[in-house]
Structure formats: C-alpha cells, structure tokens
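Spelled out, the chains give:
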Amino acid sequence: MQFDLILIRYGEMAIKGKNRKYFERKLQDHLIRKLEQFKDTRVKKKRDRMYVVLNGEDPHEVMKQCQQIFGIHSLSFAIKVDKVEEEIKKAALFAFQDAPKAHTFKVSSRRADKNFPVGSQDLNHKVGGYILANTDGITVNVHKPDVELKIEVRNDAAYITAQDYPGAGGLPVGTTGQSLLLLSGGIDSPVSGYLTMKRGVQIEAIHFHSPPYTSERAKQKVLDLASELAKYGNKISVHIVPFTALQEKIHHEIPEGYSMTVMRRMMMRISEQIARNREILSMTTGESLGQVASQTMESMNAINEVTNYPVIRPLAAMDKLDIIELSKKINTYPISTLPYEDCCTIFVPKAPKTKPTRENASYYESNVDFEVALHEAVKQTEIIEVQANQKTKEEFKDLL
Ligand code: ATP
Ligand code: MG
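Summarised in this report is the structure supplied together with it. (Residues numbered from 1 in each chain as written. Chains lettered and ligands numbered in written order. Predicted model: local features only at pLDDT ≥ 70, side-chain atom pairs only at ≥ 80, totals over all residues. Heavy atoms only, no water.)

On to the pairing of strand β3 (residues 49-53). Looking along a regular strand, one sees the side chains alternate between the two faces of the sheet. By the criterion of burial, β3 is predominantly enclosed, with four of the five residues buried. Of the strand pairs in this sheet, strand β2 (residues 42-46) and β3 are connected by five bridges, and their pairing is antiparallel. Considered in β3, the bridge of Arg-42 is made with Val-53. Counting the residues in the hairpin turn of β2 and β3 gives two residues, including Arg-47, whose phi is positive at 40 degrees. (Buried < 20%, exposed > 50% of the residue type's maximum accessible area, 1.4 Å probe, protein only. Helix = DSSP H or I, 4+ residues; strand = E, 2+ residues; numbered from the N terminus. Pairing = 2+ DSSP bridges.)

Time to look at the packing of helix α7 (residues 244-253) against helix α8 (residues 256-277). Where α7 contacts α8, the axes come no closer than 9 Å and their chain directions differ by 150 degrees. In terms of orientation, α7 and α8 fall into the roughly antiparallel class. Considering how the two elements wind past one another, α7 and α8 form a crossing that is right-handed. Residues Leu-246, Gln-247 and Ile-250 of α7 pack against Ser-259, Val-262, Met-263, Met-266 and Ile-270 of α8. Residues of the contact of α7 with α8, tallied by class, amount to six nonpolar, two polar and no charged. (Axes fitted to C-alpha atoms, helices over the stretch in contact; angles between N-to-C directions. Parallel < 35°, antiparallel > 145°, perpendicular 65-115°, else oblique. Left-handed = near helix turned anticlockwise from the far one by under 90°. Contact = heavy atoms within 4.5 Å. Nonpolar A, V, L, I, M, F, W, Y, C, P; charged D, E, K, R; others polar.)

Right, let's talk about the pattern of salt bridges for a bit. Throughout the structure, instances matching the rule amount to 23 salt bridges. Residue Lys-231 pairs with Glu-228 through a salt bridge whose shortest N-O separation is 3.1 Å. Relative accessible area serves as the criterion here: at 17%, Lys-231 is assigned to the buried category. Salt bridges sharing common partners tie together Arg-49, Arg-110, Glu-152 and Arg-154. (Salt bridge = Lys/Arg side-chain N within 4 Å of Asp/Glu carboxyl O.)

This paragraph deals with the packing of aromatic side chains. Evaluated as defined, the whole model comprises eleven aromatic pairs. Taken together, a centroid distance of 5.3 Å and an interplanar angle of 65 degrees make the contact between Phe-70 and Tyr-194 edge-to-face. Separated by 124 residues along the polypeptide, Phe-70 in the loop between α2 (59-66) and β4 (72-81) and Tyr-194 in helix α5 (residues 188-198) bring together distant segments of the chain. Residues Phe-70 and Tyr-194 agree in their burial class; the two are buried. Taken together, a centroid distance of 5.4 Å and an interplanar angle of 70 degrees make the contact between Phe-77 and Tyr-165 edge-to-face. (Phe/Tyr/Trp six-rings, centres within 6.5 Å; stacked < 30°, edge-to-face > 60°.)

Bringing the nonpolar core into the picture now. Buried together is how nonpolar side chains tend to be arranged in soluble globular proteins. Core analysis: the biggest nonpolar cluster contains 45 residues, and Ile-6, Ile-8, Leu-31, Leu-149 and Ile-160 have the highest contact counts within it. Per element, the largest residue contribution to this core is six residues, and it comes from helix α3 (residues 85-98). With residues up to four places along the chain from it excluded, the contact list for Leu-31 reads Ile-8, Val-43, Met-50, Cys-66, Ile-69 and Ile-72. Listed in part, the 31 residues of the second largest apolar core include Leu-182, Tyr-258, Met-260 and Ile-280. (Core = buried A, V, L, I, M, F, W, Y, C linked by side-chain atoms within 4.5 Å.)

The following block contains the structure:
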C-alpha cells in the first residue's frame, strides 16, 4: 500500500474572484518547478482542486517541498483504490497509521457514486470498526478527533485521506507584483524578504558591497541568503552595487554624526533608480522600529525623504526575538550569523545621531558633489542570478 496523490487546498486564493484562474496557474507553475527533481510526479488541476500525482515518488519528501510554496493552505496524502469495501478499509488503516501522533479519529464518508452498495453511515462504522480492531490504544472521537479520515466514493474510484498538513499560507509568488529587497548580510532583511514573498511578491535583491573593506565572503553570504529565499519562489536576481567610493566620500566629507543617515539615503536613491530601471514598483527593507540608531522614527523620517517609492517594512512592528525565530524557521539564521562584516558595520560611526533631521541631512549633502559617484555606482552594478539550493562556491566552503 502507498499514497497515490497529494491533495492541495488553497485558502485565501479561493476568494479572489476572476483572478482565481491566474493565481491557480501561478501556483501550478511553482509546484511543477519545485517538484522537478521528482521526475515521475505530475501536477494536475481539476475544477476546484489541485493535486500531485506521486507515481511512486517518496510522498513525505514531495510533501516537504510542497509545504514551502506560498498560496497553499493545507495538504493531505490520498490513496486511490477500487470501490471495494475491503480495499477501502485497508487504505483507511494505512492512511491513519501514517498520521503522526494520532490517538483519536473519526471517519467521514461521502458517496458521490450512489450505486456503491454501502451507505455513508454504514461505511463510517465499518471502516471505524476495522481501524479499532487493527490498532492499540486508539479511540473514536467524533467531536474533536486528532485525525478525520475522509472517504470519498466517486465514479472512477474511492479516495481516502487522513492527516491535514499545514501549507505555507500566503499567495503564490508573482501574483501581486515585484519589490526590490535591500538585502544586507544581517538577520532582518532576509526575513523581511520572506514575508514580502509570502504576500505573493516576486523579489529582486540589492546589496551594497564595499571592497576591500568588505570581503568576497560577505558578498557570498548574501548570495547564499538569496538562494535560501529562492526556495520559496523563483530564482532571484541580486544586484551588487559597488559602494566603496560613495562610502569613502561620505566618510570624509559628511560630519560623522550624519554619515549613517546620509549613507542610508544614498542606498535609497540607488535602490529607487535600479527599481525604476527594472520596472519594479516598490522596495522592501528589514528595518524594525527602535532596533538601532538608524531605525528611530526620526532616522526613518530623514532616510525616507529621498524616495517617494513605497517602502515595504514587514518587520517594522515586530520584536527582535520573533524575527530571530522566523529566521531560524526559514533557515537563514545560520547564514546571517556568520561573522563577515557588511559595509555598514565598518563605516558606522561610534556615535551616530539618533535624531537626525531632514534639513540637516539635506544641508550636509548639498555641500558635497555626489552626482558622479552615484551615477557610477548604478552603472557598475553587477547582476547575479541566484537559484534555490545553489551551493556556495567550492573555494569558500571550508571557510564557512
Ligand atoms: P539587517 O539585519 O537586515 O542587516 P539591521 O538590523 O542590521 O538589518 P540596519 O543596519 O539599520 O539594520 O539596516 C536596515 C536595513 O537597511 C536592512 O534591513 C536592509 O534592508 C538595509 N541594508 C543595510 N545594509 C545593507 C547593505 N549592505 N546592502 C543592502 N541593504 C542594506
Ligand atoms: Mg545589518
């Protein structure tokens, strides 16, 4: 006995009216790409449901991959058997025994094929009895069972499902537009990217890199983070901006207390320009209120002056501990906590101004000619495409 299918249920997508077809197509595309490694699987859509035909591939491995795809509310394994009572009983027992930690159950049968000789109630009792007879310490609970065994007797066959597995929720990536994620090597911005993707946004990433102050490994770390994020959607284009010239200029020509504010404003300007070039309509950052000097209300206000693009800040109102927990869940934490310095840590002044003003920032900037350096940074930006599961280059492996 083995599972034949994985049934896929999409929650929120169901209410999206005429966009529904589009959402479904995207979801199906994501599933097909995600399951490429399982060569025999097929992803099918039939009226209101989508399912994966396993064709002998490892059900639990396929399930794990499906659970990373946004737009899925829940999933369950299904067994397809001939419409024969004995077959149905055996399948039900198998499905029940696969469910983790189930002590109570109930059986719910539906008979679409009215020619099937056993009525639904009757089938519930017979299958329930069979399970009780073949297990130890298991009881029926019709009100709040650990597992609801569902049996559907349709025209072509009988389908049996047991445990519901949670999906990743959200909306299929690519259905709600694009955003340019400012991706540092830290803990916050990858989590921020994840949450934005969860709302159906396709992201590209931008990283400010300051060699030789920041190492090649710091850059590689960002590419590895992007590769983790790519698991939840498509491949990700990472824009690597050479930021050294601008940082040195800021360091030398802007009063120390404002160097961080001005640096952030430069990042926003460059990001907006690149977003514009790529026809991306928003930016996403990992800013979280009150975390560090650059993230006071005053600071955000001064930084945000330079762009009128929407800036998505999924972490703005989240606690650090919750952010860390999420980063562990999505597997970016171990990469984020590798020690390589990013450009900000190196140039950050000892005492950055925590209450900068727009007026002062503009005034200090007006004394310096940043035009050429800004233009050059955008022009020399390198684009690297990163796939899911892209391994860190061999040469860095032993260093990580
Ligand atoms: P993170 O953990 O994401 O690095 P942080 O807590 O260190 O964030 P800041 O240093 O204030 O906070 O950075 C705020 C946001 O600015 C980051 O979340 C990120 O979106 C962006 N950012 C900072 N440094 C870079 C960089 N080198 N390249 C791209 N984006 C950056
Ligand atoms: Mg950081």
